[in-house]
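# Breakdown of the fold
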Amino acid sequence: MAPLIYSALIISLGLGTTMTFASTHWYLAWMGIEINTLAIIPLMAQNHIPRAIEATTKYFFVQATASATLLFAGISNAFLTGQWDITYTPYTLTSTLITLALAMKIGLAPLHSWMPEVMQGLNLLTGLILSTWQKLAPLYLIYQIQPNNPNIFIALGLMSIIVGGWGGFNQVQLRKILAYSSIAHLGWMILILSFSPPLALLTIIIYILMTFSLFSSFMLTRTTHINSLSTTWAKIPILTISTPLILLSLGGLPPLAGFMPKWMILQELTKQSLCPLATMAALSSLFSLYFYLRLSYAMTLTMPPNNPAGTLPWRLNPQHNTLPLALTTTSTICLLPMTPAIMSLMPF
Amino acid sequence: MLKILIPSILLLPSTWLTPQKYLWTTTLSYSLLIASASLMWLATPSETGWSFLNCLMASDPISTPLLVLTCWLLPLMVLASQNHLMLEPINRQRTFISLLISLQIFLILAFSATELIMFYIMFEATLIPTLIIITRWGNQMERLNAGTYFLFYTLAGSLPLLIALLLLQNSTGTLSFFTIPYLPSTCSTPWAHKMWWTACLLAFLIKMPLYGAHLWLPKAHVEAPIAGSMILAAVLLKLGGYGMMRILIILDPLTKELSYPFIILALWGVIMTGSICLRQTDLKALIAYSSVSHMGLVAAGILIQTPWAFTGALILMIAHGLTSSALFCLANTNYERTHSRTMILARGLQTLLPLTAVWWFIATLANLALPPLPNLMGELMIITSLFNWSMWTLILTGLGTLITAGYSLYMFLMTQHGQLPHHLISLNPPHSREHLLLTLHLMPLLLLILKPELIWGWNA
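Basis of the calculations
- Residues numbered from 1 in each chain as written.
- Chains lettered and ligands numbered in written order.
- Predicted model: local features only at pLDDT ≥ 70, side-chain atom pairs only at ≥ 80, totals over all residues.
- Heavy atoms only, no water.
- Helix = DSSP H or I, 4+ residues; strand = E, 2+ residues; numbered from the N terminus.
- Rg over C-alpha atoms; globule rule 2.2 N^0.38 Å.
- Buried < 20%, exposed > 50% of the residue type's maximum accessible area, 1.4 Å probe, protein only.
- Core = buried A, V, L, I, M, F, W, Y, C linked by side-chain atoms within 4.5 Å.
- Domains from an automatic or database assignment.
- Contact = heavy atoms within 4.5 Å.
- Buried area = accessible area lost by both parts, 1.4 Å probe.
- Polar contact = N/O pair within 3.5 Å; in protein donor to acceptor, adjacent residues only side chain to side chain.
- Nonpolar A, V, L, I, M, F, W, Y, C, P; charged D, E, K, R; others polar.
- pLDDT = per-residue confidence, 0-100.
- Phe/Tyr/Trp six-rings, centres within 6.5 Å; stacked < 30°, edge-to-face > 60°.
- Lys NZ or Arg CZ within 6 Å of the ring centre and 35° of its normal.
- Salt bridge = Lys/Arg side-chain N within 4 Å of Asp/Glu carboxyl O.

Each helix and strand in chain A was counted, giving 16 helices and zero strands. Its C-alpha atoms give chain A a radius of gyration of 20 Å, within 12% of the compact-globule value 20 Å for 348 residues. Taking the principal axes of the C-alpha coordinates as reference, chain A spans close to 70 × 50 × 35 Å. Across the 348 residues in chain A, those meeting the buried criterion constitute 57%.

Looking now at the nonpolar core. Counting residues in hydrophobic clusters, the biggest one holds 270 residues, and the most contacted among them are L202(A), W263(A), L151(B), L201(B), M244(B), I247(B) and L251(B). Per-element tally for this core: the top contributor is helix α10 (residues 226–251) of chain B, with 18 residues. Residues from two domains meet in this core; each of domain 1 (1–132) and domain 2 (149–305 + 322–347) of chain A gives at least three. With sequence-adjacent residues up to four places away left out, M244(B) is seen in contact with L201(B), F204(B), L205(B), M208(B), A299(B), I302(B) and L303(B). If you look at the next biggest cluster of nonpolar residues, it comprises five residues, including A346(B), L353(B), L424(B) and L427(B).

Quick look at the interface of chain B and chain A now. In this assembly, 29 residues from chain B lie in contact with 31 residues from chain A. Summed over both sides, the interface of chain B with chain A buries roughly 2700 Å², with 77% coming from carbon and sulfur. The tally of links between chain B and chain A comes to four residue pairs in polar contact (both at pLDDT 80 or more). Elements supplying a minimum of two residues to the side of chain B that touches chain A: α4 (90–111), α5 (116–125), α6 (127–137) and α7 (143–172) of chain B. Sort the elements by how many residues they give to the side of chain B that touches chain A and α7(B) lands first, with 16 residues. Of the residues that constitute the side of chain B that touches chain A, the class distribution is 19 nonpolar, six polar and four charged.

We now examine the confidence of the model for chain B. Residue-level pLDDT values for chain B average 91, and 99% of them are 70 or greater. Per the prediction output, this complex has pTM 0.94; the corresponding ipTM is 0.92.

In this section: the environment of P116(A). Counting through the fold element by element, P116(A) comes out in helix α5 (residues 114–121). Take P116(A): its relative accessible area is 3%, and that puts it in the buried class.

Looking now at the packing of aromatic side chains. Under the definition given, this model contains 24 aromatic pairs over all chains. Here the aromatic rings of F291(A) and Y292(A) are separated by 5.1 Å at their centres, their planes lie at 65 degrees, and the arrangement is edge-to-face. As far as burial versus exposure is concerned, F291(A) and Y292(A) are alike and both buried. The ring of F177(B) is capped by R246(B), whose NZ or CZ atom sits 5.1 Å from the centre of that ring.

Attention now goes to the domain arrangement of chain A. All names here are of chain A. Entries for chain A in the domain assignment read domain 1 (1–132) and domain 2 (149–305 + 322–347). Relative placement of domain 1 and domain 2: their C-alpha centres are 23 Å apart. Between domain 1 and domain 2, the contact holds 22 residues from the first and 25 residues from the second. A combined buried area of about 2200 Å² lies between domain 1 and domain 2, and 79% of that area is made up of carbon and sulfur atoms. Viewed at the interface, domain 2 and domain 1 are joined by zero salt bridges. Our count for the contact surface shared by domain 1 and domain 2 stands at four residue pairs in polar contact (both at pLDDT 80 or more).

Let us look at the pattern of salt bridges. Counting across every chain of the model gives eight salt bridges over all chains. With its nearest N and O atoms 3.2 Å apart, the salt bridge here joins R341(B) to D282(B). Note that R341(B) is positioned in the loop between α14 (307–338) and α15 (349–352) and D282(B) in the loop between α12 (260–278) and α13 (283–304), a separation of 59 residues in sequence. Here the two residues R341(B) and D282(B) agree in accessibility, since each one is buried. Between E434(B) and R433(B) there is a salt bridge, with its nearest N and O atoms 3.9 Å apart. For the pair formed by E434(B) and R433(B), the shared burial category is buried. Salt bridges sharing common partners tie together R51(A), E54(A), K58(A) and E117(A).

What follows is the structure in structure tokens.
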């Protein structure tokens, strides 16, 4: 893509999210989200292959529906309460509608069906932007509406954790697996959003670190299918050690950093006396651990001389700058002992 | 405490920086040095029970024998793995040894943890190196299934444990071992209290393993390489026992009613798994089921919570750790020579390998709890305290002892006595390394006859 257009799109992406962050009026919030959507559409379609165009079209339809619903809900709220402040949503009707519209925007269950299809059609970098940057603005808005009834969040969250785990079970395409992983992690964030927004912030930061390192590892070896993971040992051997650790961290295993958000969220849930919910959420996250484990089996644990499972592709020189990957991988693996420091930084 | 932990952590860089020629020598000698230094923990004169304290780590008479066993096992694992790793690239040898060392670090931190969440995190942390050892260096295709069973059985039990611990922390404000025994018991609705009780114990019962949730163990033990089998049998199962001992203090008084099904299941498991052993064709599976059998006795002993039972459980844990690990090493000597675990393919070995037959004899006698070995002391104390708790358990435990003797003798007679099969015309003689390995396993067991107070726990 031409550099000027590319930079214009990236700047627009940043502009959209920043506008939503800075807004207190429904129109401005909605405008920021629309700018985000419109900026990423050309990025998704840059490949000009039919699959990418299909993904772009699906994404556009879903996001347009969600934005229209969001605008409608904002206007209804203004009609009912007489003012446009996004923090003042006392009526259940409007706050539920806003929540569902934003849930559709980020791909929470049961409004998640578009996510794996769209992710599959994108290249890995755009998929990374979709699963990390595009979630920030809607999550911020969900926090801002300050719902007094946490039931819908609990329902959305628990369903997302279960769907995100169960849906990824028989996937072999890596991008679809990453989409389901995104759904599951967003479920954890939404679950805790009404009880402790700083913990949701912690979850999304740790999730961005982990996803970034995983996407970067896949970008480095240009793998998009489980079968092509099995030749990583020949291309970049160090990835065969770091990627399973990143995957297990995504699954939430101690002593890796991915355990930190789950631990803190479970602690908050038990403080709110929601133990059965906490148990269900914790056990549902074992589903996603299963397919992360399967990925690490394919990549590392069946390495030759035991069982070579794939044919060797062309080995090209890696062209990416690996510094971000190194930094994010290190934090994904080693950040758990920093939990007290991180928790003290969270505003409570 | 740090005198042992920091050298263990620094074993990791030394593994990676040692030249290839000296890798195994270096790791073996340094880990032996750390193991001998760890014997200092056995001198625990403190009256409060806790010694070698700092804010985060401490050792008391229950954790000390397990800590020393952990540190003792690392040189043994290095010694045992040397042969089958010799043909691999050097970096993979280093990775394997690093996994063993990281297991030791996590285990030291787990056994010396003074806070329950620290214990939990280290308990879970031991899963990852063990998983990698089993699924990467195991030898058969079934190892992937074994790794999945291992990980998911343990996690399904330990996630409720995490929630139970967080609940406890919310109601009592602390989870430190120093203060937990003195806290008032947390009572809520009867149903919630029962659920919380189960959640606290389930993870440890699955880890022990209890008979109904034991399916992961034969898979994991059989598919693991020798170092994996050793660490699993000797220490990782004892993590479950140790966790149960620590957490039962706070679970009173509900334990008196709720522990019944688990005690029955454990004792029934002793008999069932013993009977399975009598019909096994796979040598490693036999030893694995024998582990389940012994651990069932330990679980029953811990759950009745009397002083003799705790002492017996601790002694049996240590003795079984050494014995089981020795048996796995012996099975591995067979495996390295015939590349098969089937027992009928390697019979009559007393003719071919008479020196190894001596070790088989001693290990078998230890497994069937011959006096005066500590195995008998542990079993006898558990059986006696179970009899005191209810006299009907004598039927189950007596039958269990009989079946244990039966399958241990079956294993010995099958592998050692009788005629050599026709296809075995020559096997490599035992290496000095293998003799050293078995000496280092069985000598502490024999020496413990002379001073069993070291592994008695609180009744010292």
